[in-house]
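Listed below are the residues making up each chain.
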Amino acid sequence: MMRDPDRIGDFWRKAAGLRAILHVMASICIVATGNSLLTTTVSLHLSDPAIDPHIVQLLLTAFPIGFLAGCLSARFMVVRLGHERAFLAVALFAGVGACGYMLTQAAPVWFCLRLINGFSIATLFVVSESWINLYAGQKNRGAYFSLYMLMTSLATLFAQLLVEAAGADSPHLFQIVLGVVLLGLIYARFVGGPWPTLRLPLAVAVEAGNAHSGHRYGIWRLVALAPVAVVCVFQAGMTNMNVYTMTPIYAERVHLDAAVAVTLVTAFSLGGMLAQAPVGWLSDRMDRRVLLLVQGLAGAGLCATIAWPGSYPQMLLHGLFFAYGAIALTIYPVGIAYANSQLDSRHMVSASGSLLLLYSIGNIMTPGLAAQLMELFAPQALFLLLGSGAFLVAATACFNLLRRPIGATKHCLVSGGSE
């Protein structure tokens with residue numbers, strides 16, 4: 001049977017594009033591993049019962065404040081420095097911050113260092129996501145973004161493995177953090193080579209010219225343009241924070257061992273990690289709103305099943321968490337890919353910052369609500385809350401489909417445009 005030469009050529013073009021960004025993804029993975037390891041190390045130090053709980057609470061609030069600041073300011077760093085140099089500068093800034101933890105344990109200094117930590121992570125995310133969205137085309141944006149999500153998931157896993165290898169009580173964890181961040185810097189600057197040229201190299205410069213002219217893609221403009229993407233990002237922030245922080249409390253209250261709580265979170269993470277590639281492939285071959293509708297309904301159904309009164313065999317519970325991770329942790333990349341497919345290239349950096357700002361709001365606002373619901377009603381209320389977020393994704397995707405059906409033509413978006 002004769003092969004279609006156009007298909008073969010298209011395959012090799014996609015393969016070449018993927019190979020071209022692998023070193024960028026590797027740089028992101030290494031630096032993100034250092035940042036994730038730093039967050040875990042600080043949390044381990046703050047778990048010391050000798051530390052005043054009020055001091056711990058104060059230091060914990062510094063990270064989200066820094067994260068918000070990074071979301072708001074990253075766009076201007078990209079405009080001034082470009083994506084690659086902004087990435088390197090922030091990675092160096094994170095390394096300097098890691099040094100500070102080794103010099104003193106004074107609470108005011110650690111508060112400032114936690115601000116740096118949150119700022120660095122948010123900025124790295126904005127720089128990386130906006131570059132990927134500018135580099136990718138409509139047909140491969142989902143695949144590229146899923147690869148990026150896989151790298152960040154691997155970074156979290158590698159950080160936990162490093163903590164286990166060194167020991168949670170090791171006095172050298174901060175030195176390991178510094179070593180990993182420096183390794184990422186060396187790889188990104190001297191080994192990996194320059195980042196591939198963007199298809200529209202002047203796009204960011206154009207956005208800079210509009211930065212003070214009211215053409216920023218803020219949250220409300222994104223709500224008008226792609227409401228389903230806004231809901232997806234908020235839901236992702238809510239889900240990730242609550243599953244990782246509240247599952248141990250849920251497990252304890254439904255009389256599960258602490259070891260089981262850890263494996264439930266691991267099953268959730270593995271499900272999300274393994275699902276990134278196939279979901280990214282799917283999102284490039286079908287209307288992403290339809291995919292989000294299915295994901296939202298499936299996520300709501302799984303949450304309802306987990307929250308159903310009664311006890312499940314541990315194997316079945318682990319399977320439910322694995323399936324829920326495969327659904328919940330892939331909603332974010334699909335939502336981001338859809339949002340950026342609706343934007344003019346000039347606005348992708350600005351939109352990435354606004355979407356990450358939404359993600360951080362979901363991170364900050366919902367754990368307290370989840371804890372209150374669990375206290376007032378039952379431990380299963382955690383998954384009813386998460387299920388309501390997934391159902392909202394499905395409802396918003398349905399609304400978006402009704403507003404602009406599949407196959408409807410869309411004019412090229414200009415500043416201030418909408419669907």
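As named in an unreviewed UniProt entry, the chain is MFS transporter, taken from Rhizobium sophorae.

Asks: Looking at this model, I keep getting lost on the overall build of the chain. Mind explaining?
Replies: Along the chain, the regular secondary structure elements total 14 helices and zero strands. Secondary structure elements in the chain, listed N-terminal to C-terminal, are α-α-α-α-α-α-α-α-α-α-α-α-α-α. Within the span of the chain, comprising 419 residues, buried residues form 52% of the whole. Within the chain, contacts between residues at least 6 apart in sequence are counted, and of these 86% link residues at least 24 apart. Roughly 18900 Å² of accessible area belongs to the chain as shown, and the carbon and sulfur atoms make up 70% of that amount.

Asks: Looking at this model, I keep getting lost on the confidence of the model for the chain. Mind explaining?
Replies: Segments scoring low in pLDDT should not have their predicted coordinates read at a detailed level. For the chain, per-residue confidence averages 78 on the pLDDT scale, and 83% of positions sit at 70 or higher. Within the chain, the element-level pLDDT minimum falls on helix 7 (residues 203-210), averaging 44, and the maximum on helix 11 (residues 288-307), averaging 93. Low pLDDT, under 50, characterises residues 202-215; the stretch is placed with 24 contacts to residues that sit more than four places away or in other chains.

Asks: Whenever I open this one, the nonpolar core confuses me. Can you help?
Replies: Inside soluble globular proteins, nonpolar side chains tend to come together where they are buried. If you look at the biggest cluster of nonpolar residues, it comprises 93 residues, and the most contacted ones within it are Phe321, Tyr332 and Phe383. It is helix 12 (residues 314-341) that contributes the most residues to this core, 14 residues altogether. In this structure, Leu37, Ala98, Trp110 and Ile116 belong to the second largest nonpolar core, which totals 16 residues.

Asks: Can you walk me through helix 5 (residues 141-166) in this structure?
Replies: For the α-helix, the turn length of 3.6 residues means that residues three or four positions removed from each other point alike. Here helix 5 spans 37 Å end to end across 26 residues, near enough to the 38 Å set by a 1.5 Å rise per residue. Note on helix 5: the residue one or two positions beyond its end, Gly167, has a positive phi of about 100°.

Asks: Help me out: how do you make sense of the side chain of Ser170 in this one?
Replies: Structurally, the position occupied by Ser170 is in the loop between helix 5 and helix 6 (173-191). A distance of 3.1 Å separates a polar side-chain atom of Ser170 from the backbone nitrogen of His172.

Asks: How should the pattern of salt bridges be read in this particular structure?
Replies: Side chains that differ in sign of charge can pair as their charged atoms come close. For the structure shown, the criterion picks out two salt bridges. A salt bridge links Asp284 to Arg288, with the nearest nitrogen and oxygen atoms 2.8 Å apart. Overall, Arg288 belongs to the buried group, its relative accessible area being 4%. Close ionic contact of Arg289 with Asp287 constitutes a salt bridge, the shortest N to O distance being 2.8 Å. According to the relative accessible area criterion, Arg289 is buried, its value standing at 1%.

Asks: Got a minute to help me understand the packing of aromatic side chains in this structure?
Replies: Aromatic ring pairs: the centre-centre distance and the angle between the two ring planes describe each pair. Within the structure shown, the criterion is met by 11 aromatic pairs. Taken together, a centroid distance of 5.2 Å and an interplanar angle of 70° make the contact between Trp131 and Trp195 edge-to-face. Placement of Trp131 in helix 4 (residues 107-135) and of Trp195 in the loop between helix 6 and helix 7 is noted, with a sequence separation of 64 residues between them. When its relative accessible area of 3% is taken as the criterion, Trp131 is described as buried. Centre to centre, the rings of Tyr250 and Phe383 are 5.0 Å apart; their planes meet at 75°, and the pair counts as edge-to-face.

Asks: What exactly am I supposed to notice about the packing of helix 11 against helix 12 here?
Replies: Axis angle and axis distance: for two packed helices, these are the angle between their axes and the distance between the axes, and together they describe the pair. Between helix 11 and helix 12, the least distance of the axes is 9 Å, while the angle of their chain directions is 155°. When the axis of helix 11 is compared with that of helix 12, the two are roughly antiparallel. As for how helix 11 packs across helix 12, the hand of that crossing is left-handed. Facing Arg288, Arg289, Leu291, Leu292, Gln295, Ala298, Gly299, Leu302, Cys303, Thr305 and Ile306 of helix 11, the residues of helix 12 in contact are Leu320, Phe321, Ala323, Tyr324, Ile327, Thr330, Ile331, Val334, Gly335, Ala337, Tyr338 and Ser341.

Asks: Where do I start with the packing of helix 3 (residues 83-103) against helix 4 in this structure?
Replies: Direction vectors running N to C along helix 3 and helix 4 enclose 160°, while the axes themselves pass 9 Å from each other. One element, helix 3, and the other, helix 4, form an angle in the roughly antiparallel class. Crossing angle aside, the handedness with which helix 3 passes helix 4 is left-handed. The class makeup of the residues in the contact of helix 3 with helix 4 is 15 nonpolar, eight polar and one charged.

Asks: Quick question: what am I supposed to make of a nonpolar patch on the surface here?
Replies: The grouping of Leu182, Ile186, Phe190 and Val191 at the surface amounts to a nonpolar patch, some 420 Å² of accessible area in total. Here Phe190 shows up in helix 6.

Asks: When you look at the environment of Gln105 in this model, what are you seeing that I'm missing?
Replies: Position of Gln105 among the secondary structure elements: in the loop between helix 3 and helix 4. Taking C-alpha positions, Gln105 is 9.9 Å from His45, a pair spaced 60 residues apart along the chain.

Asks: Hey, could you run me through the side chain of Asn117 in this one?
Replies: Position of Asn117 relative to the elements: it lies in helix 4. Overall, Asn117 belongs to the buried group, its relative accessible area being 2%. Residues contacting Asn117, with those up to four places away along its chain left out, are Asn35, Leu38, Thr39, Phe63 and Tyr101.

Asks: Would you mind going over the environment of Pro194 with me for this structure?
Replies: Mapped onto the elements, Pro194 comes out in the loop between helix 6 and helix 7. In this structure Pro194 comes out as exposed when scored by relative accessible area, which is 62%. It is 8.6 Å that separates the C-alpha atoms of Pro194 and Val24, two residues lying 170 residues apart in sequence. Contact partners of Pro194, with chain neighbours within four places excluded, come to His23 and Glu84.

Conventions and cut-offs
Residues numbered from 1 in each chain as written. Predicted model: local features only at pLDDT ≥ 70, side-chain atom pairs only at ≥ 80, totals over all residues. Heavy atoms only, no water. Helix = DSSP H or I, 4+ residues; strand = E, 2+ residues; numbered from the N terminus. Buried < 20%, exposed > 50% of the residue type's maximum accessible area, 1.4 Å probe, protein only. Contact = heavy atoms within 4.5 Å. Areas by Shrake-Rupley, 256 points an atom, 1.4 Å probe, with all protein chains shown as cover. pLDDT = per-residue confidence, 0-100. Core = buried A, V, L, I, M, F, W, Y, C linked by side-chain atoms within 4.5 Å. Expected span 1.5 Å × (residues − 1). Polar contact = N/O pair within 3.5 Å; in protein donor to acceptor, adjacent residues only side chain to side chain. Salt bridge = Lys/Arg side-chain N within 4 Å of Asp/Glu carboxyl O. Phe/Tyr/Trp six-rings, centres within 6.5 Å; stacked < 30°, edge-to-face > 60°. Axes fitted to C-alpha atoms, helices over the stretch in contact; angles between N-to-C directions. Parallel < 35°, antiparallel > 145°, perpendicular 65-115°, else oblique. Left-handed = near helix turned anticlockwise from the far one by under 90°. Nonpolar A, V, L, I, M, F, W, Y, C, P; charged D, E, K, R; others polar. Patch = residues over 30% accessible without salt bridge, like charges linked within 9 Å, V, L, I, M, F, W, Y side chains within 5 Å.

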